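So you can see what is in the structure, the chains are spelled out below.
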Amino acid sequence: MIKIIIGQNASGKTLYLDNVVEEMSQGDGEIDFVTNLADQHIFDHVPFLPDKVEILCEILQAERVDTSSVILTPVESPVVLGREFIEIITLLCKDVKAVYLDEPEQGLSEYEMSILCTLIQYFSRFFEEIIIVTHSELFVQMVNCRYFTVVMDEKTADVELIQVSEDDKFEIID
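Computed from a prediction, not measured in an experiment: that's the story for all the values here. (Residues numbered from 1 in each chain as written. Predicted model: local features only at pLDDT ≥ 70, side-chain atom pairs only at ≥ 80, totals over all residues. Heavy atoms only, no water.)

The subject of this paragraph is the packing of helix H2 (residues 50–60) against helix H4 (residues 110–123). Where H2 meets H4, the closest approach of the two axes is 11 Å, and the angle between their N-to-C directions is 145°. In this structure, H2 crosses over H4, and the sense of that crossing is right-handed. Residues Lys-52, Ile-55, Leu-56, Ile-59 and Leu-60 of H2 touch H4, and the partners they reach there are Ile-115, Thr-118, Leu-119, Tyr-122 and Phe-123. Classifying every residue of the contact of H2 with H4 gives 8 nonpolar, 1 polar and 1 charged. (Axes fitted to C-alpha atoms, helices over the stretch in contact; angles between N-to-C directions. Helix = DSSP H or I, 4+ residues; strand = E, 2+ residues; numbered from the N terminus. Left-handed = near helix turned anticlockwise from the far one by under 90°. Contact = heavy atoms within 4.5 Å. Nonpolar A, V, L, I, M, F, W, Y, C, P; charged D, E, K, R; others polar.)

Here's what the structure looks like:
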């Protein structure tokens, strides 16, 4: 399932995501998720899932995607892709059960954002959970997602997730 978290700046969206990542980190030591909230190098040892790499290759119209390094490298792709985009798709192609992304649109072109939304939709079947904190209307246009915002208690810093209806999602996105 894809959860899209939207709302105003400083409302607690990233704090909510931090709490989810913290909870997931409390497990048995096995990394079953990836996130852009942490140093990406902690995920270097997590293998790539070949099926995801194949889909990525098709969507990027690349001859192949080199997985021999810690970061993916599309080979002979007809488009030039930025470092920020490559870092996000590297995380998405890892063989994990969940992905948690905080404003993955940062530093991406509109074209890269469009590709990223397409990839997330294709890859959703490989994940048990996808949570994305965003300010991008492109994410709010994706299908088969649930939309949320957060409310933070200023005294306790507790963050509550509140579902947003399809009708209200464009009113809440900032």
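Once you've had a look at it, read on.
Attention now moves to the pairing of strand S7 (residues 145–152). Judged from the 4 bridges that link them, strand S1 (residues 2–5) and S7 form a sheet pairing that is parallel. The partner of Lys-3 across the bridge, within S7, is Arg-146. The pairing of S7 with strand S8 (residues 159–164) spans 6 bridges and is antiparallel. Among the inter-strand pairings, Met-152 is bridged to a residue of S8, identified as Val-159. From the end of S7 to the start of S8, which pair antiparallel, there are 6 residues, and Ala-157 there has a positive phi angle of about 65°. (Pairing = 2+ DSSP bridges.)

Moving on, we get to the environment of Asn-19. Along the polypeptide, Asn-19 turns up in helix H1 (residues 13–25). Taking the C-alpha atoms as reference points, Asn-19 and Phe-85, 66 residues apart in sequence, are found 25 Å from one another.

Among the 10 residues of helix H3 (residues 83–92), 7 are classified as buried, and the element is accordingly described as predominantly covered. Of the positions making up H3, those classed as buried are Phe-85, Ile-86, Ile-88, Ile-89, Thr-90, Leu-91 and Leu-92. Packed against the buried residues of H3 are strand S2 (33–35), H2, strand S4 (73–75), strand S5 (98–102) and H4. (Buried < 20%, exposed > 50% of the residue type's maximum accessible area, 1.4 Å probe, protein only.)

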